[in-house]
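Fold and contact review
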Amino acid sequence: MTNRIYIVGMGPGIEEMMTGEAIHALEQSDVIIGYTVYLDLLSERFKEKELMSTPMRQEEKRCRLCFEEAKKGKKVSLVCSGDAGIYGMASLMYEIGKSYPDTELFVIPGVTAANSGAALLGAPLNHDFCVISLSDLLTPWDKIERRLQAAAEGDFAIVLYNPSSHKRKDYLLKACDILLGAIEKERACGYVENIGREGTKVVTCTLEELRNREVNMFTTVFIGNSGSEITNGKLITKRGYQIERNTDICRDN
Ligand code: SAH
């Protein structure tokens with residue numbers, strides 16, 4: 001094995017939310033390949049690097065470009081937002097990599113939108129949770145529906161990725177209607193837009209309110225479990241600790 005490709009999760013956007021290992025991999029690279037939106041976020045910090053891109057929907061071409069550049073002897077990083085192994089390019093790279101046996105792949109983990117969004121909302125994922133993408137580009141919608149139903153019936157906290165796009169404006173509404181079949185309409189929910197980027201927006205609401213919200217493709221949605229609550233604007237999913245309510249402490253202070 002001579003050639004190396006780093007598959008780098010760059011976190012939600014700002015450099016502060018990238019891991020040290022991810023920054024190190026990019027610093028070591030001759031060429032950084034990725035979707036233009038992510039390259040734009042990195043271009044200032046890594047301006048001395050060769051930056052290469054292919055348009056959205058040309059993921060296979062982008063992956064092959066990585067292998068071809070690595071073949072020329074360059075150190076290559078493929079960047080994905082969040083984590084490359086969570087609705088990212090890591091698995092496609094391994095599939096295409098079967099035809100490039102002399103190239104070794106290294107996945108560098110990143111902070112996925114579920115983590116970074118949860119931190120902004122408070123602690124919505126502090127118990128068992130499910131992550132479901134509403135994108136039906138690569139997954140049939142009836143399978144997404146079944147997964148939504150199963151997550152609701154299992155009383156999981158739920159994270160929804162890809163809640164909307166230009167072509168799928170009503171998918172969040174459709175998903176909420178499925179969830180409302182098993183979950184009460186007052187269920188504590190929240191969503192976060194543009195995490196780690198300009199225009200970050202953090203919102204808490206009920207499931208019924210969520211149903212009618214317009215969200216964009218840079219939004220991650222959180223649905224609490226039956227014990228979740230909104231306290232002082234934060235969405236909290238309890239771990240289950242029995243905490244003492246010590247009124248004496250208040251009196252002494
Ligand atoms: N690999 C990425 C996910 C890619 S799927 C990760 O691990 O985070 C794209 C979806 O991720 C978006 O539709 C949105 O739901 C979520 N997402 C990615 N970046 C985001 C950001 N900066 N703010 C809010 N949501 C984001």
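Use the structure listed above.
Residues numbered from 1 in each chain as written. Predicted model: local features only at pLDDT ≥ 70, side-chain atom pairs only at ≥ 80, totals over all residues. Heavy atoms only, no water.

1. Digging into the site of the ligand
Taken together, the neighbourhood of the ligand is formed by 19 residues, with Ile86, Thr112, Met217, Thr219 and Thr220 sitting nearest. Within the contact set of the ligand, an oxygen atom lies 2.8 Å away from a backbone nitrogen or oxygen of Asp83. The contact in question runs from a nitrogen atom of the ligand to an N or O atom on the side chain of Thr220, over 2.8 Å. Protein contact buries 93% of the 550 Å² of open area that the ligand shows by itself. For the shell around the ligand, the per-class residue count stands at 10 nonpolar, 7 polar and 2 charged. (Near = heavy atom within 4 Å. Polar contact = N/O pair within 3.5 Å; in protein donor to acceptor, adjacent residues only side chain to side chain. Areas by Shrake-Rupley, 256 points an atom, 1.4 Å probe, with all protein chains shown as cover. Nonpolar A, V, L, I, M, F, W, Y, C, P; charged D, E, K, R; others polar.)

2. As for the sheet that holds strand β2 (residues 31-33)
In space, the 5 strands of this open sheet follow the order β3-β2-β4-β1-β5, with parallel pairing throughout. The open sheet is flanked by β3 (50-52) and β5 (103-108), the only strands paired with a single partner. Here the average twist between neighbouring strands, direction ignored, is 20 degrees. Contacts from helix α1 (residues 20-28) reach β1 (3-9), β2, β4 (76-80) and β5 within the one sheet, and its direction differs from that of β1 by about 140 degrees. On top of the sheet, helix α4 (residues 90-97) reaches β1, β4 and β5; it is set at about 170 degrees to β5, its chief contact. (Pairing = 2+ DSSP bridges. Helix = DSSP H or I, 4+ residues; strand = E, 2+ residues; numbered from the N terminus. Axes fitted to C-alpha atoms, helices over the stretch in contact; angles between N-to-C directions. Contact = heavy atoms within 4.5 Å.)

3. Notes on the environment of Gly73
For Gly73, the position within the fold is in the loop between α3 (59-71) and β4. Assessed through its relative accessible area of 56%, Gly73 is described here as exposed. Sequence separation between Gly73 and Asp30 is 43 residues, and the spatial gap between their C-alpha atoms is 9.6 Å. (Buried < 20%, exposed > 50% of the residue type's maximum accessible area, 1.4 Å probe, protein only.)

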